[in-house]
Amino acid sequence: MVEARSRHEFVALQLRQRIMQRQYAVGESLPSESMLCAEFEVSRGPVRQALATLKNEGLIQLSQGKPAVVRSHDITQTLDTFTPFSQWARRTGRAAGSRTLEIARRRVSEPAAAALGSSADDFVVEVLRVRLLDGEPTMIERSTFTERVGSLLFDFDIDTGSITDYLTSRGVRFESMEHVLDAVAATEVDAENLGIDPGSPLLRERRTSRDQNGDTFEYADDRYRPDLVAFSIVNARTIDPRLPSDDGNGG
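- An unreviewed UniProt entry annotates the chain as Putative GntR family transcriptional regulator of Rhodococcus wratislaviensis NBRC 100605.

Put into structure tokens, the structure is as follows:
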């Protein structure tokens, strides 16, 4: 049996593979929690953690007191919590890869200067990489780091692993992030490295990362092939305190 700390990951991996292989139809229920506990020889804790992971990936829908229901066969990247690309790939049973096109120290350019709060004379470290899933070019990653943080990357082979994991190991804290999603047309560089036609639509995620002091140290412009990656955002209903309380007569 798998180690205790990874039991929920094992359960999630097995269920994820079954869903993505279409062993369950969309709208079909998964086995009950008790049945999953018996099958995988684990307690309810790991099963519930695994189901929560699949829910965040957009694969299932959870309702209290009822078995999970398959929502989609296509896994999504979530933005409600940040998961580095390499970790997300491993969690979905796929192999992440990288092919670095450039890493360089140079003067900051727009719009990175505005995002980082830098002046035109400041130096930054820019990274241009192709990210792969199971060897398939999936995303063009353009990251701009402040010089203090980015200079750490010159001691790391960025084709061997996650930049986020490495920087975290060096004491950089990814405390908060802001994300902006839109669609853009593939440039010549995008098209050449993703194996698509110039002008093809790409899903762009622009991201700013801040440390525990609220200082921005990274601006990223990541462009995904929409046929390989989708995003899932989970929202909860909030009440605006400026509005009158619901008296039960309105929606």
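Read on for the rest.
**Some remarks on the pattern of salt bridges**
Okay, step 1: Applying the stated criterion across every chain yields a total of 21 salt bridges.
Okay, step 2: Note that Arg44 is salt-bridged to Glu33, the shortest N-O span being 2.9 Å. A residue pair is termed long-range when its members are at least 10 positions apart, and Arg44 in helix α3 (residues 44–56) and Glu33 in helix α2 (residues 33–40) qualify at 11 residues.
Okay, step 3: The salt bridge partner of Arg142 is Asp190, with a shortest N-O separation of 2.9 Å. Highlighted residues: Arg142 in strand β6 (residues 136–146) and Asp190 in helix α8 (residues 188–194), separated in sequence by 48 residues.

**Focus on the packing of α2 against α3**
Okay, step 1: Axis separation between α2 and α3 bottoms out at 9 Å; the angle between their running directions is 110°. The pairing of α2 with α3 is recorded here as roughly perpendicular in orientation. Crossing angle aside, the handedness with which α2 passes α3 is right-handed. Of the residues in α3, those touching α2 at Glu33, Ser34, Leu36 and Cys37 are Arg44, Val47, Arg48 and Leu51.

**Re the environment of Leu30**
Okay, step 1: Along the chain, the position of Leu30 falls in the loop between α1 (7–20) and α2.
Okay, step 2: For Leu30, a relative accessible area of 4% puts it in the buried group.
Okay, step 3: When the C-alpha positions of Leu30 and Val70 are compared, they lie 7.1 Å apart, and in sequence the two are 40 residues distant.
Okay, step 4: Leaving out residues up to four positions away in the same chain, Leu30 has contacts with Ile19, Tyr24, Leu51, Ile60, Pro67, Ala68 and Val70.

**Focus: the packing of α1 against α3**
Okay, step 1: Contact geometry for α1 and α3: axes closest at 8 Å, N-to-C directions at 50°. One finds that α1 runs oblique with respect to α3. For the pair α1 and α3, the sense of crossing is right-handed. Facing α1, whose interface residues are Arg7, His8, Val11, Ala12, Leu15, Arg16 and Ile19, α3 presents Pro46, Gln49, Ala50, Leu51, Thr53 and Leu54.
Okay, step 2: Its residues assigned to classes, the contact of α1 with α3 shows 8 nonpolar, 3 polar and 2 charged.

Procedures and definitions
Residues numbered from 1 in each chain as written. Predicted model: local features only at pLDDT ≥ 70, side-chain atom pairs only at ≥ 80, totals over all residues. Heavy atoms only, no water. Salt bridge = Lys/Arg side-chain N within 4 Å of Asp/Glu carboxyl O. Helix = DSSP H or I, 4+ residues; strand = E, 2+ residues; numbered from the N terminus. Axes fitted to C-alpha atoms, helices over the stretch in contact; angles between N-to-C directions. Parallel < 35°, antiparallel > 145°, perpendicular 65-115°, else oblique. Left-handed = near helix turned anticlockwise from the far one by under 90°. Contact = heavy atoms within 4.5 Å. Buried < 20%, exposed > 50% of the residue type's maximum accessible area, 1.4 Å probe, protein only. Nonpolar A, V, L, I, M, F, W, Y, C, P; charged D, E, K, R; others polar.

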